[in-house]
Amino acid sequence: MSWGYKANNGPQKWVENFPIADGVRQSPIDIVPGQASYDAGLKPLNLKYDPSTCLDILNNGHSVQVTFADDTDSSRLTDGPISGLYRLKQFHFHWGASDDKGSEHTVAGTKYPAELHLVHWNTKYASFSEAASKPDGLAVVGVFLKIGGENPNLQKLLKAFDTIKSKGKQTSFANFDPSTLLPGCLDYWTYDGSLTTPPLYESVTWIVCKEPITASSAQMAKFRTLLFSADGAAPDCMVNNYRPPQPLKGRTVRASFK
Ligand SMILES: CN[C@H]1CN(c2cccc(OC)c2)S(=O)(=O)c2sc(S(N)(=O)=O)cc21
Ligand SMILES: [Zn+2]
């Protein structure tokens, strides 16, 4: 059986096939603002995305993912806590069965209804798959979603959900600008961590934005119409696809803001 988020294949079981689950730099974590250390040396995030690199939207059986062409530097992350240039590969979300949970990172114990992850890879390596297992291979920008007014930029994504309801479904998705999903203020926390799903590689520089974006409760409900299950299998709602916070194990969380 492959990994998932149920009692028999979920986060408590991942260590059986992925022993790094008990590693020293696992993600997500609970971010405690009062314990983060302000680092004046941290640069502002420099995110530049080219909508023409947007390729398709996919239900991969764990989340909904929008994939980008990464054969040029036109959608990329520079500055912030990283050195060099990281190319955008994909973004995806994690969410709950109800609005009281769903994010992977938490803030002083507070869970948000969802969390967006923008996954970038270090171009010092020849490819995403080479970078994905290196300690400085990936940089993921995390953005919390909170319940508020309807988010028109999310709406474009949600309209595609009916065509990718079940696992393995994908459809072309063009000209989407992921910067429309970023908060106005790009203050962030940063720490060394891992993928939050198997293979749980300890290869991620995490960059978690302090300011959430909004989604309406109806928009959150739309995420919950997606399925973990493939066409023809018993329908299994895609909800609670989040890993709980992991031990800090002596790591420092830095803040780009006072
Ligand atoms: C299934 N989800 C992961 C898929 N990827 C992956 C990475 C390396 C090797 C690999 O072998 C299959 C897959 S991924 O890099 O696109 C990411 S990023 C990410 S998160 N939540 O930490 O942002 C989870 C995954
Ligand atoms: Zn993720």
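Refer to the preceding data block for the structure.
Treat the numbers as computed from the prediction; the structure is a model and nothing was measured.

Conventions we followed
- Residues numbered from 1 in each chain as written.
- Chains lettered and ligands numbered in written order.
- Predicted model: local features only at pLDDT ≥ 70, side-chain atom pairs only at ≥ 80, totals over all residues.
- Heavy atoms only, no water.
- Helix = DSSP H or I, 4+ residues; strand = E, 2+ residues; numbered from the N terminus.
- Rg over C-alpha atoms; globule rule 2.2 N^0.38 Å.
- Buried < 20%, exposed > 50% of the residue type's maximum accessible area, 1.4 Å probe, protein only.
- Contact = heavy atoms within 4.5 Å.
- Areas by Shrake-Rupley, 256 points an atom, 1.4 Å probe, with all protein chains shown as cover.
- Near = heavy atom within 4 Å.
- Polar contact = N/O pair within 3.5 Å; in protein donor to acceptor, adjacent residues only side chain to side chain.
- 1 Å grid on protein atoms, 1.4 Å probe; cavity = no way out; pocket = protein on both sides within 12 Å on 5 of 7 lines; lining within 4 Å.
- Sits in = over half its atoms within 2 Å of the grid points.
- Donors = N, O, S within 2.8 Å, 3.2 Å for Na, K, Ca; no water.
- Tetrahedral: all angles 85-135°; square planar, octahedral: opposite > 155°, others 65-115°.
- Salt bridge = Lys/Arg side-chain N within 4 Å of Asp/Glu carboxyl O.
- Phe/Tyr/Trp six-rings, centres within 6.5 Å; stacked < 30°, edge-to-face > 60°.
- Points joined across faces, edges and corners; volume = space filled by probe spheres on them.
- Nonpolar A, V, L, I, M, F, W, Y, C, P; charged D, E, K, R; others polar.

Draft legend 1. Structural context of the overall build of the protein. In terms of regular secondary structure, the protein is built from four helices and 15 strands. Taken over C-alpha atoms, the radius of gyration comes to 17 Å for the protein, in line with the 18 Å a tight globule of 258 residues would show. Expressed as lengths along the three principal axes of its C-alpha atoms, the size of the protein is roughly 50 × 40 × 40 Å. Going through the 258 residues of the protein one by one, you find that 53% of them count as buried. Long-range pairs, those at least 24 residues apart, make up 71% of the contacts in the protein between residues at least 6 apart in sequence. Summed over its atoms, the accessible surface of the protein is roughly 10,800 Å², and 52% of this surface lies on carbon and sulfur atoms.

Draft legend 2. Just the site of ligand 1, in detail. Around ligand 1, 16 residues are found, and the nearest of them are Gln-90, Phe-128, Leu-195, Thr-196 and Thr-197. Within the side chain of His-92, an N or O atom sits 3.3 Å from a nitrogen atom of ligand 1. In isolation ligand 1 has 540 Å² of accessible area, and contact with the protein removes 77% of it. Judged by the proximity of its atoms to the pocket grid, ligand 1 belongs to the largest pocket.

Draft legend 3. Inspection of unusual backbone geometry at higher detail. Look at the link from Ser-27 to Pro-28: it is a cis peptide, with omega at 0°. One can find Pro-28 in the loop between α1 (14-17) and β1 (30-31). A cis amide bond links Pro-198 with the next residue in sequence, Pro-199, at an omega value of 10°. Following the sequence through the fold, Pro-199 ends up in the loop between β12 (188-193) and β13 (204-209). Its identity as a non-glycine residue notwithstanding, Ala-108 has a phi of 50°, on the positive side.

Draft legend 4. Focus on the coordination of the zinc ion (ligand 2). For the zinc ion (ligand 2), every protein donor is listed as His-92 (NE2), His-94 (NE2) and His-117 (ND1), and the spread of their distances is 2.0 Å. Around the zinc ion (ligand 2), the four donor atoms are arranged such that angles at the metal cover 99 to 115°; this shape is classified as tetrahedral. Site description for the zinc ion (ligand 2): donor spacing in sequence, H-x1-H-x22-H. Here His-92 is found in strand β7 (residues 85-95), whereas its partner His-117 is found in strand β9 (residues 114-122), with 25 residues between them in sequence. For the pair formed by His-92 and His-117, the shared burial category is buried.

Draft legend 5. Quick peek at the pattern of salt bridges. All chains considered together, the criterion is met by nine salt bridges. Its salt-bridge partner being Lys-6, residue Asp-236 comes within 3.1 Å of it at the nearest N-O pair. With a gap of 230 residues between them, Asp-236 in the loop between α4 (217-223) and β15 (254-255) and Lys-6 in the segment before α1 connect regions that are remote in the sequence. Lys-124 is paired through a salt bridge with Asp-136; the nearest N and O atoms lie 2.7 Å apart. With Lys-124 in the loop between β9 and α2 (128-131) and Asp-136 in the loop between α2 and β10 (138-147), the pair connects residues that are 12 residues apart, well separated along the chain. Asp-136 sits in the partly exposed class, given a relative accessible area of 25%.

Draft legend 6. Spatial organisation of the packing of aromatic side chains. Scanning the entire structure with this criterion turns up 13 aromatic pairs. Centre to centre, the rings of Phe-68 and Phe-91 are 5.9 Å apart; their planes meet at 40°, and the pair counts as tilted. Separated by 23 residues along the polypeptide, Phe-68 in strand β5 (residues 64-68) and Phe-91 in strand β7 bring together distant segments of the chain. One exposure class covers both Phe-68 and Phe-91, and it is buried. Residues Trp-189 and Phe-257 carry aromatic rings whose centres are separated by 5.6 Å and whose planes lie at 65° to one another, so their mutual orientation is edge-to-face.

Draft legend 7. Expanded view of the layout of surface pockets. A volume near 390 Å³ is recorded for the largest pocket. Residue lining of the largest pocket: 22 residues in total, with Gln-90, His-92, Leu-195, Thr-197 and Pro-198 positioned closest to the centre. Looking at the lining of the largest pocket, the elements with two or more residues in it are β7, β9, α2 and β10. Counted by class, the lining of the largest pocket contains 11 nonpolar, 11 polar and no charged residues. Its volume calculated, the second largest pocket comes out at about 210 Å³. Trp-3, Gly-4, Asn-9, Gly-61 and Phe-228 are, among the 14 residues lining the second largest pocket, the residues nearest its centre. A per-class count over the lining of the second largest pocket returns five nonpolar, six polar and three charged.

All quantities given are derived from atomic positions and should not be read as evidence of function.
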